[in-house]
Amino acid sequence: MNPYAPKAGDFTPVARQPGLITNPRPSQSYWQDAWLRLKQNKRALLSLYLIVALVLMTLVGPWLWQQDPAYQDLDLISQPPAYGETALVVADPGIWAGVSVDPPTLITVDSNATSSLAATAQIQTVGSASTQYVRLRWEPVAGAGFYLVYRNDHAPESSEDLGLPLGQTLTAAEVSFEDRLQLRAQDYWYTVLASNGLQEAPGFTTVRIPVQRSITESQAQDRKLHANAGDTVTLRSHPFGTDSLGRDLLARIIEGSQVSLFIGIVAPFLWVLLGTVYGGISGYFGGTIDAAMMRVTDFLIALPFLLFMILFRIGFGIGPGESGIVPMLLALVLLRWEDTARLVRGQVLQIREEAFVQAARLLGAQPLYLIFRHMIPNTIGPLLVNLTFSIPMAIFTEAFLSFIGMGVAPPTPSWGSMSNEGLKSMLSSPHELLFPAIFISLTVLTFNLLGDGLRDALDSRMRSRE
Amino acid sequence: MLNYILKRLGMGVLTVWFIATATFAAMHLVPGNPLANEKATNAVIRANLERQYGLDQPVLTQYVIYMGNMLKGDFGIAFSEENRSVNDIIRETFPVSATLGLLSLLFATAGGVMWGALTAIYRNRWPDYLIMFLVILGISVPSFVFAGLSQFAILHLNKWTGVSLLPVAGWGSFRAMLVPALVLGLSTMAYLTRLMRSTMLDVANTDYIRTAHAKGLSTTRIFLHHQLRNAILPVITVLGPSIAIITTGGFVVESVFAIPGLGRYFVQSVAQLDYTVIMGTTVFFGAFLVLMVIAVDILYGFIDPRIRVEASR
């Protein structure tokens with residue numbers, strides 16, 4: 001090999017040649033990249049849309065669904081979901097005298113008599129059967145002392161299956177009965193049994209009577225529907241039904257979402273903020289300061305969190321049956337920030353050693369500037385994930401506390417307290433529990449799925465293996 | 001190791017002391033005192049009662065008395081019930097809660113490990129998708145909804161079969177424990193399933209599994225001896241916090257199923273503002289949880305030698 005002999009052109013700068021290096025694709029910022037990856041995740045994207053819809057519901061819901069959540073319609077208690085139902089306006093029912101016949105010849109009550117009573121015949125309605133009343137009359141049965149009236153919501157299969165005993169007539173002369181007991185717009189099977197005081201008629205006849213939804217003229221006036229008897233009016237819609245006090249469930253869910261989402265979003269936001277500052281300072285300074293600061297978080301983690309939530313409430317002097325939204329918020333923030341603090345501390349400990357931080361320090365940057373300008377912005381990805389996973393936890397806690405009566409108290413609705421109220425009437429009207437429960441579950445679910453998606457998109461180290 | 005245990009215990013004692021102090025402070029921040037609610041009180045009787053219970057003393061003296069009693073294990077007398085001390089209440093109700101909690105923890109861990117292992121075996125096939133869907137449901141639906149729905153289901157099951165297979169509420173027989181314990185353990189089971197799945201998949205990618213395959217071990221043996229054993233370790237770490245979740249979840253499940261446990265009693269005593277019961281149960285619950293977490297951590301140290309090394313450093 002010849003030794004190197006410099007030539008004249010060796011040390012002249014190379015002329016810039018445009019087009020030599022072409023960027024194969026445009027460079028993307030961290031956030032653009034994350035957004036692209038999030039968009040590919042269908043579940044997370046759907047969750048994001050649902051969350052936006054839920055928040056919109058909270059904000060503009062009261063304008064879109066203008067029913068007063070506190071308005072009690074005592075004629076419509078625990079109604080199942082109904083939309084755009086019509087009702088017949090009927091005249092105010094007066095007192096019905098009933099139908100009487102001449103008392104049939106009394107047969108002396110004979111204890112040995114067997115099958116002396118015939119089944120009641122020709123049960124028919126008087127007037128139209130509506131949810132205001134069902135008026136029945138029937139033909140007298142020879143030998144009857146009085147009549148028993150039963151109502152069922154299905155065709156009775158045997159004499160054991162006649163359904164609800166509505167009442168009995170006082171005498172045999174009375175051959176009519178008026179039923180006004182919580183009638184709903186459905187078909188009912190009425191059975192009238194004759195009895196002589198010792199035994200009931202062995203056979204029975206049942207009539208099926210379809211009951212039409214109706215309101216009286218005065219009820220129509222109360223609801224500002226101008227209608228006369230015989231008209232058909234459209235009732236106020238209750239898409240989610242009504243609760244046990246006749247309040248519209250949809251309006252209450254919208255109002256309840258304000259409490260649930262307020263606690264669920266504001267509390268995690270505040271505790272993540274507190275945790276970030278605390279963890280940032282602890283991680284940056286390290287050493288003894290770090291050790292001391294981290295002891296505090298060890299301590300907080302060991303505390304039984306729920307007991308302290310309840311203690312806080314008592315400490316604020318909030319008795320049972322009173323709402324305590326602010327104490328709940330405060331307690332959540334003060335008891336829950338340590339998780340974020342640990343996360344941020346770990347991140348800061350790592351980033352502290354990175355070259356760009358060293359460079360900034362060499363240029364004379366102050367500690368607080370370094371923390372807030374360089375370290376925390378670089379942990380924002382994991383922080384966002386942490387925040388998203390914190391929200392379901394806060395919503396759960398609020399629901400849980402309200403459920404056991406330690407959170408939001410009536411009349412303020414929250415999803416948790418509504419579930420609590422709904423649980424009491426779960427067997428007769430399951431929708432009262434179902435709708436608030438669905439909203440809690442849906443919110444928690446969407447935030448969890450979004451959190452999963454965000455973690456995959458933002459944080460390559462924590463990426464879940466799927 | 002001993003050093004580590006002592007350190008944890010010391011921290012635990014400090015935590016319990018803080019819980020006791022915070023409870024005391026919370027109770028004394030409330031305006032008035034427990035006797036203020038009583039009806040028949042003229043000033044003299046009230047003063048006598050206050051002297052009886054030491055409420056006329058300065059707060060600091062009360063605190064010393066309270067702490068002294070607590071060290072002796074005496075939580076005082078319940079205000080809302082005649083002739084019953086808080087110790088009696090805890091003695092009667094805690095075994096119920098502990099039984100329920102233990103049973104549900106058993107459900108949760110057995111279920112979590114099993115489902116998690118199953119999802120890892122059937123990764124990205126339909127059993128995996130089905131189980132993971134149920135897991136998401138288990139995490140997202142609050143326990144009181146499950147409790148209500150399961151009562152609904154029991155009712156219809158009994159109606160359908162015509163015999164009383166399972167009681168809808170109550171306590172006493174093993175049959176009565178089954179459904180509440182299952183409901184209570186459900187969310188923990190879901191978390192454990194998710195955890196188990198991800199650690200199983202982690203372990204599956206390790207070198208020693210590849211080595212085991214390379215030297216010709218059977219798949220079953222690798223699965224049981226290498227993969228499952230290593231994947232179970234993280235499940236044990238979260239058992240401590242799980243106990244806490246299960247005991248607090250017990251508040252709701254005990255209330256819904258009318259189980260006479262400590263959780264239900266606590267909720268009632270808060271509603272009645274029965275100070276001594278609140279204070280006693282809080283400190284007791286707190287101490288129990290702290291102890292459980294420490295116990296699990298120490299247990300973990302024995303199981304996994306790596307932790308011991310790290311702790312002694």
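Remember, predicted model here, so these are calculated numbers, not experimental data.

Cut-offs and rules
- Residues numbered from 1 in each chain as written.
- Chains lettered and ligands numbered in written order.
- Predicted model: local features only at pLDDT ≥ 70, side-chain atom pairs only at ≥ 80, totals over all residues.
- Helix = DSSP H or I, 4+ residues; strand = E, 2+ residues; numbered from the N terminus.
- Rg over C-alpha atoms; globule rule 2.2 N^0.38 Å.
- Buried ≥ 20, exposed ≤ 12 C-beta atoms within 10 Å, placed from the backbone.
- pLDDT = per-residue confidence, 0-100.
- Contact = placed C-beta atoms within 7 Å.
- Expected span 1.5 Å × (residues − 1).
- Nonpolar A, V, L, I, M, F, W, Y, C, P; charged D, E, K, R; others polar.
- Domains from an automatic or database assignment.
- Pairing = 2+ DSSP bridges.
- Axes fitted to C-alpha atoms, helices over the stretch in contact; angles between N-to-C directions.
- Parallel < 35°, antiparallel > 145°, perpendicular 65-115°, else oblique.
- Left-handed = near helix turned anticlockwise from the far one by under 90°.

**Some remarks on the overall build of chain A**
Next, step 1: From N to C terminus, chain A includes 13 helices and 10 strands.
Next, step 2: Its C-alpha atoms give chain A a radius of gyration of 36 Å, clearly above 23 Å, the size a compact globule of 466 residues would have.
Next, step 3: Taken along its principal axes, the extent of the C-alpha atoms in chain A is 140 × 55 × 45 Å.
Next, step 4: Within chain A, the fraction of its 466 residues that count as buried is 38%.

**Concerning the confidence of the model for chain A**
Residue and element names in this part refer to chain A.
Next, step 1: The predicted model of chain A averages 79 in pLDDT, with 92% of residues at 70 or higher.
Next, step 2: Summarising per-element confidence for chain A, the mean pLDDT is lowest in strand S10 (residues 232-234) (72) and highest in helix H9 (residues 355-362) (89).
Next, step 3: Residue range residues 462-466 is modelled with pLDDT below 50. Its contacts to residues more than four positions away, or to other chains, number 10 contacts.

**Details of helix H13 (residues 431-458) of chain A**
Next, step 1: Between its terminal C-alpha atoms H13 of chain A stretches 39 Å, which fits the 40 Å expected from 28 residues at 1.5 Å a residue.
Next, step 2: Most of H13 of chain A is tucked away: 24 of the 28 residues are buried.

**Details of helix H5 (residues 126-140) of chain B**
Next, step 1: In this model, H5 of chain B (15 residues) spans 21 Å end to end at C-alpha, consistent with the 21 Å of a helix rising 1.5 Å per residue.
Next, step 2: Along H5 of chain B, the positions that sit buried rather than exposed are Ile131, Val135, Gly138, Ile139 and Ser140 of chain B.

**Observations regarding the interface of chain A and chain B**
Next, step 1: Counting residues at the interface gives 34 residues for chain A and 39 residues for chain B.
Next, step 2: Going through the elements one at a time, helix H5 (287-302), helix H6 (305-315), helix H11 (380-403), helix H12 (415-424) and H13 of chain A are the ones with two or more residues in the side of chain A that touches chain B.
Next, step 3: It is H13 of chain A that contributes the most residues to the side of chain A that touches chain B, 7 residues altogether.
Next, step 4: Residue classes in the side of chain A that touches chain B are distributed as 24 nonpolar, 8 polar and 2 charged.

**Structural notes on the domain arrangement of chain A**
Next, step 1: Entries for chain A in the domain assignment read domain 1 (47-68 + 245-462) and domain 2 (89-216).
Next, step 2: Between the C-alpha centres of domain 1 of chain A and domain 2 of chain A there is a distance of 59 Å.

**Thoughts on the sheet that holds strand S4 (residues 146-152) of chain A**
Residue and element names in this part refer to chain A.
Next, step 1: Ordered by their spatial adjacency, 4 strands build an open sheet running S5-S4-S7-S8, and the pairing between neighbours is antiparallel. With one partner strand each, in any of the chains shown, strand S5 (164-168) and strand S8 (205-210) form the two edges of the open sheet. If you compare each strand with its neighbour and ignore which way they point, the axes differ by 25° on average.
Next, step 2: The sheet contact formed by S4 and S5 spans 4 bridges and is antiparallel.

**Things to note about the environment of tryptophan 271 of chain A**
Residue and element names in this part refer to chain A.
Next, step 1: Inspection of the secondary structure puts tryptophan 271 in helix H4 (residues 249-285).
Next, step 2: Once the C-alpha coordinates of tryptophan 271 and leucine 334 are considered, the two residues, 63 residues apart in sequence, prove to be 7.2 Å apart.
Next, step 3: In this structure, tryptophan 271 is in contact with Leu332, Val333, Arg336, Trp337, Thr340 and Ser390, ignoring residues within four places of it in sequence.

**Side note on the environment of glycine 101 of chain B**
Next, step 1: As for its placement among the helices and strands, glycine 101 of chain B is situated in helix H4 (residues 86-121).
Next, step 2: As a C-alpha pair, glycine 101 of chain B and leucine 182 of chain B span 81 residues in sequence and 9.9 Å in three-dimensional space.

**Focus: the sheet that holds S10 of chain A**
All names here are of chain A.
Next, step 1: Spatial ordering of the open sheet is given by S9-S1-S10, a layout of 3 strands whose pairing is mixed. Edge positions in the open sheet fall to strand S9 (214-216) and S10, since each of these has one partner strand only. Strand after strand, the sheet turns through a mean of 40° between neighbouring axes, direction not considered.
Next, step 2: Pairing geometry for strand S1 (residues 86-90) and S9, over 3 bridges, is parallel. In the strand pairing of S9, valine 89 is matched with isoleucine 215.

**Let's talk about the pairing of S1 of chain A**
For a regular strand, side chains alternate in direction, first toward one face of the sheet and then toward the other.
Next, step 1: Bridge count for S1 of chain A against S10 of chain A is 3 bridges, and the pairing is antiparallel. Looking at S10 of chain A, one finds that leucine 88 of chain A is bridged to threonine 232 of chain A.

**Quick word on the packing of H4 of chain A against helix H10 (residues 367-378) of chain A**
Residues and elements named next belong to chain A.
Next, step 1: At a closest axis distance of 10 Å, the pairing of H4 and H10 adopts a crossing angle of 115°. By the angle between their axes, H4 is roughly perpendicular relative to H10. For the pair H4 and H10, the crossing hand works out as right-handed. Touching Thr276, Gly280, Ile281 and Tyr284 of H4 are Pro367, Leu370, Ile371, Met375 and Ile376, all from H10.
Next, step 2: Class assignment of the residues belonging to the contact of H4 with H10 gives a composition of 7 nonpolar, 2 polar and no charged.

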